[in-house]
Amino acid sequence: MPGMVLFGRRWAIASDDLVFPGFFELSLRVVWWIGILTLYLLHRGKLDCAGGALLSSYMIVLLVLLAVIICTLSAIVCVSMKGTICNPGPRKSMPKLLYIRLLLFLPEMVWASLGAAWITDDIQCDRTVVNGIIATVIVRTQTWCPATLQQASPFSISSRTVSGTARSLTRSSPIPRGPPSCRTRTAEYDLVGGDQLSCHFGSILQTTGLQYRDFIHISFHDKVYELPFIVALDHRKESVVVAVRGTMSLQDILTDLSAESESLNLECGVQDCSAHKGISQAARYVYQRLVNDGILSQAFSIAPEYRLVVVGHSLGAGAAALLAIMLRSSYPQVRCFAFSPPRGLLSKSLYEYSKTFIVSLVLGKDVIPRLSVTNLEDLKKRILRVIAHCNKPKYKILLRGCRYELFGGNPDNFPTELDGGAQGHLTQPLLGEQSLLTHGSPTYSFSSDSPLESPTKYPPLYPPGRIIHLEEEGASGRFCRAAAQYSARWAHESQFSKILIGPKMLTDHMPDVLVKALDSVVSDRAAYVFCPPGGGSNVDMV
């Protein structure tokens, strides 16, 4: 786990990170050595030419040098496979091996330079041998930089920016394929923000299947605490729909990161009205635009019998939920559908209040509906505990994770063994949870410098409304997956009180994946929503 110390400096790479890069270079060197040996054995009888002695000596010394390098790389790989993440003792010889490997680059460079000089001479030998030496020199110049030190740590996690969209307007029919058209016709709706060529609006038209005349207001205005949104008429459901966009820009990310709790002045008769600061300010901005600018009044003047529906995804789902709470005093029949909302959104009292008119949908192990400041702190501690207890080498954990990602299967079939050996299987392929919660690590102590030390600034926050959890039935790999089947059931917010680590924790948040899962549930007549204990839901489903 700790970075290695070489040349008096600690590097951001551990001694157990060299298994895969070392094996890769070792494979190349072995193939190279076999090729040179084959070339020498087949053509050594043709080296009795001018300069042939030099070429013969070059190839013999090259074979010996490669053999020494291969032995050194084999030792590096074998030593890197020893020990565990938090037990680098069996790998204490790694720095010496790396010094030896680095020293071997000096004779490599010298011998490659000599080979290049000899080849430039007018050597009258078999062209196959000469071409083989030229290839050797070229390949050698490409391997002067040690591959074992170029490889970054395999524990670096790539992440992609979560994008939200007003997909909740989508019909149950498939989305038409083909590029959206950029219109230049005169708009029949209010347009705010930068969509001069109407490309964004063309995409919205194609996605929703609505007509120009169905849109009341479209805002692409995007700043910190100010989210894009649209207001449209859904004649099929007889609803005025307000759709709030999720995270798609740096400004949206800054809104997400304003995770402190702030008090709200709401006319809902609920005490302790507090919520996520950034999202509540974004919801207040949309509220002021809808009410002060008369956008909702305009919509209901066209369709006075329609009811108000607020939807959003991700950041937009959180803003939509708070917007619905703000609008409820003026529009008692308002309904909100929050797709993949963040967990750290509402105080306990607001969460209970929102159950009567807000429904949240969560797919699988989506990390965002489990994301809050307290959950991140809990995840950090659990990761440290798991690492401290794990007695599997890092390369085995990575191989099992790759196997799970490629071929699927049940995570319980990929346990990470813990010290003691009798603590049972873990619930995740990489990080265990339940068993570690009852087995503390004497090796690590956790710092008290935590955001949880400020309960006023970061109190526990909850997701909005009642929650429908879409769960995948069975498991599948990336390259051998059948059509995923999902079931839908009511879930309690406590089921999302911990961040789960898994291959789909990010992809389950993508709006297109969520739409496909919803289509699967809707199209499968056997799928249904289990009513929560103690009676049915008070929320009307549309």
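Residues numbered from 1 in each chain as written. Predicted model: local features only at pLDDT ≥ 70, side-chain atom pairs only at ≥ 80, totals over all residues. Heavy atoms only, no water.

### Side note on a nonpolar patch on the surface
(1) Moving on: A contiguous nonpolar patch, built from Leu106, Met109, Val110 and Leu114 and spanning about 320 Å² of accessible area, is present on the exposed surface.
(2) Moving on: Here Met109 shows up in helix α4 (residues 105–120). (Patch = residues over 30% accessible without salt bridge, like charges linked within 9 Å, V, L, I, M, F, W, Y side chains within 5 Å. Areas by Shrake-Rupley, 256 points an atom, 1.4 Å probe, with all protein chains shown as cover. Salt bridge = Lys/Arg side-chain N within 4 Å of Asp/Glu carboxyl O. Helix = DSSP H or I, 4+ residues; strand = E, 2+ residues; numbered from the N terminus.)

### Focus: the packing of helix α9 (residues 277–292) against helix α11 (residues 315–327)
(1) Moving on: Across the interface, α9 lies against α11 with an axial gap of 8 Å and an inter-helix angle of 55°. Considering the angle they form, α9 stands oblique to α11. The handedness of the crossing between α9 and α11 comes out as right-handed. On α11, the residues that touch Ile279, Ser280, Ala283, Arg284, Val286, Tyr287, Leu290 and Val291 of α9 are Leu315, Gly318, Ala319, Leu322, Leu323, Met326 and Leu327.
(2) Moving on: Here the contact of α9 with α11 is composed, by residue class, of 12 nonpolar, two polar and one charged. (Axes fitted to C-alpha atoms, helices over the stretch in contact; angles between N-to-C directions. Parallel < 35°, antiparallel > 145°, perpendicular 65-115°, else oblique. Left-handed = near helix turned anticlockwise from the far one by under 90°. Contact = heavy atoms within 4.5 Å. Nonpolar A, V, L, I, M, F, W, Y, C, P; charged D, E, K, R; others polar.)

### Quick look at the nonpolar core
As a rule of thumb, nonpolar side chains are buried together in soluble globular proteins.
(1) Moving on: Grouped together as the largest cluster of nonpolar side chains are 47 residues, with contacts concentrated most on Val231, Val240, Leu290, Leu308, Leu322, Ile325 and Leu350.
(2) Moving on: Looking at this core, the elements that each hand over two or more residues are β5 (229–234), β6 (239–244), α9, α10 (295–302), β9 (307–313), α11 and α12 (348–354).
(3) Moving on: Of all the elements, α11 adds the most residues to this core, at 10 residues.
(4) Moving on: With near-sequence residues (within four places) excluded, Val240 lies in contact with Val231, Ala232, Leu233, Leu296, Ala299, Phe300, Tyr306, Arg307, Leu308 and Val309.
(5) Moving on: Among the nonpolar cores identified, the runner-up in size contains 27 residues, and Ala243, Phe337, Trp490 and Val521 belong to it. (Core = buried A, V, L, I, M, F, W, Y, C linked by side-chain atoms within 4.5 Å. Buried < 20%, exposed > 50% of the residue type's maximum accessible area, 1.4 Å probe, protein only.)

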